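Structural features, examined
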Amino acid sequence: MSLVLDTSYTSALVLDEGDVPDVAEVTEQIATEGAHVPALWRFEVANVLLMAVRRKRIAPTLPALIVADLEALPISIDNAATSRAWTTTYTLAERHGLTLYDGAYLELAIRLELPIASRDGDLILAARREKIRVLGG
């Protein structure tokens, strides 16, 4: 089964951020069955990489390699999520005290009826309240 992949989980994968629950299973699941992300995911991941370079956590040459690895995975960018920003996503974010960005991942998981891979505590709690299976949290 495919899944929704959020930036917190992506960041943990690509920056090797310690103990990531279910990392082998989720990575295999993404590689074989794909993942779905809202269009903002690329901006968020790029920002994580930029901040990691600025903070000297990774070498300046590493982001290009990480992006190439991510581009090789069957990750589907969902552009339809943007049309829901002012409606469904806003309502979900308001209901659960999320940022609109996290609300976009939750909306996508609900709409596609898929589990979500996240390490974000607020998003994990909101997903569980919405009866969405959480991987990695």
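Quick summary incoming for the structure in this document. No experiment lies behind these values; they were computed from the predicted model shown.

Residues Pro63, Ile66 and Leu70 constitute the buried set of helix α4 (residues 62-72). For α4, the buried positions fall inside an angular range of 65° around the axis, keeping them on one side. Opposite the buried face of α4, by more than 90 degrees, sit the exposed residues Ala64, Leu65, Asp69, Glu71 and Ala72. Its buried side turned inward, α4 meets α1 (7-14), α3 (40-54) and β3 (75-78).

Let us look at the side chain of Ser118. Counting through the fold element by element, Ser118 comes out in the loop between β4 (116-117) and α7 (121-129). When its relative accessible area of 0% is taken as the criterion, Ser118 is described as buried. A polar contact of 2.7 Å, which involves the side chain of Ser118, links it to the side chain of Asp6. Separated by 3.4 Å, the side chains of Ser118 and Ser8 make a polar contact.

Below, the discussion takes up the packing of helix α6 (residues 100-112) against α7. Taken N-terminus to C-terminus, the directions of α6 and α7 make an angle of 35°; their axes are 10 Å apart at the nearest point. Here the hand of the crossing between α6 and α7 comes out right-handed. Contacts between α6 and α7 pair Asp102, Tyr105 and Leu106 from the former with Leu123, Ala126 and Ala127 from the latter. Grouping the amino acids of the contact of α6 with α7 by side-chain chemistry returns five nonpolar, no polar and one charged.

Following the criterion strictly, the structure yields five salt bridges and no others. Of the charged contacts, one joins Arg95 and Glu130 as a salt bridge, the two residues approaching to 2.7 Å between their closest N and O atoms. Residue Arg95 is found in helix α5 (residues 88-96), and its partner Glu130 is found in the loop between α7 and β5 (134-135); the two are separated by 35 residues along the sequence. For Glu130, a relative accessible area of 23% corresponds to the partly exposed category. One network of salt bridges, with partners in common, ties together Asp78, Arg84, Glu107 and Arg111.

Reading guide: rules and limits
- Residues numbered from 1 in each chain as written.
- Predicted model: local features only at pLDDT ≥ 70, side-chain atom pairs only at ≥ 80, totals over all residues.
- Heavy atoms only, no water.
- Buried < 20%, exposed > 50% of the residue type's maximum accessible area, 1.4 Å probe, protein only.
- Helix = DSSP H or I, 4+ residues; strand = E, 2+ residues; numbered from the N terminus.
- Arc of directions from axis to C-beta.
- Contact = heavy atoms within 4.5 Å.
- Polar contact = N/O pair within 3.5 Å; in protein donor to acceptor, adjacent residues only side chain to side chain.
- Axes fitted to C-alpha atoms, helices over the stretch in contact; angles between N-to-C directions.
- Left-handed = near helix turned anticlockwise from the far one by under 90°.
- Nonpolar A, V, L, I, M, F, W, Y, C, P; charged D, E, K, R; others polar.
- Salt bridge = Lys/Arg side-chain N within 4 Å of Asp/Glu carboxyl O.

Function-wise, these values are silent; they only describe arrangement.
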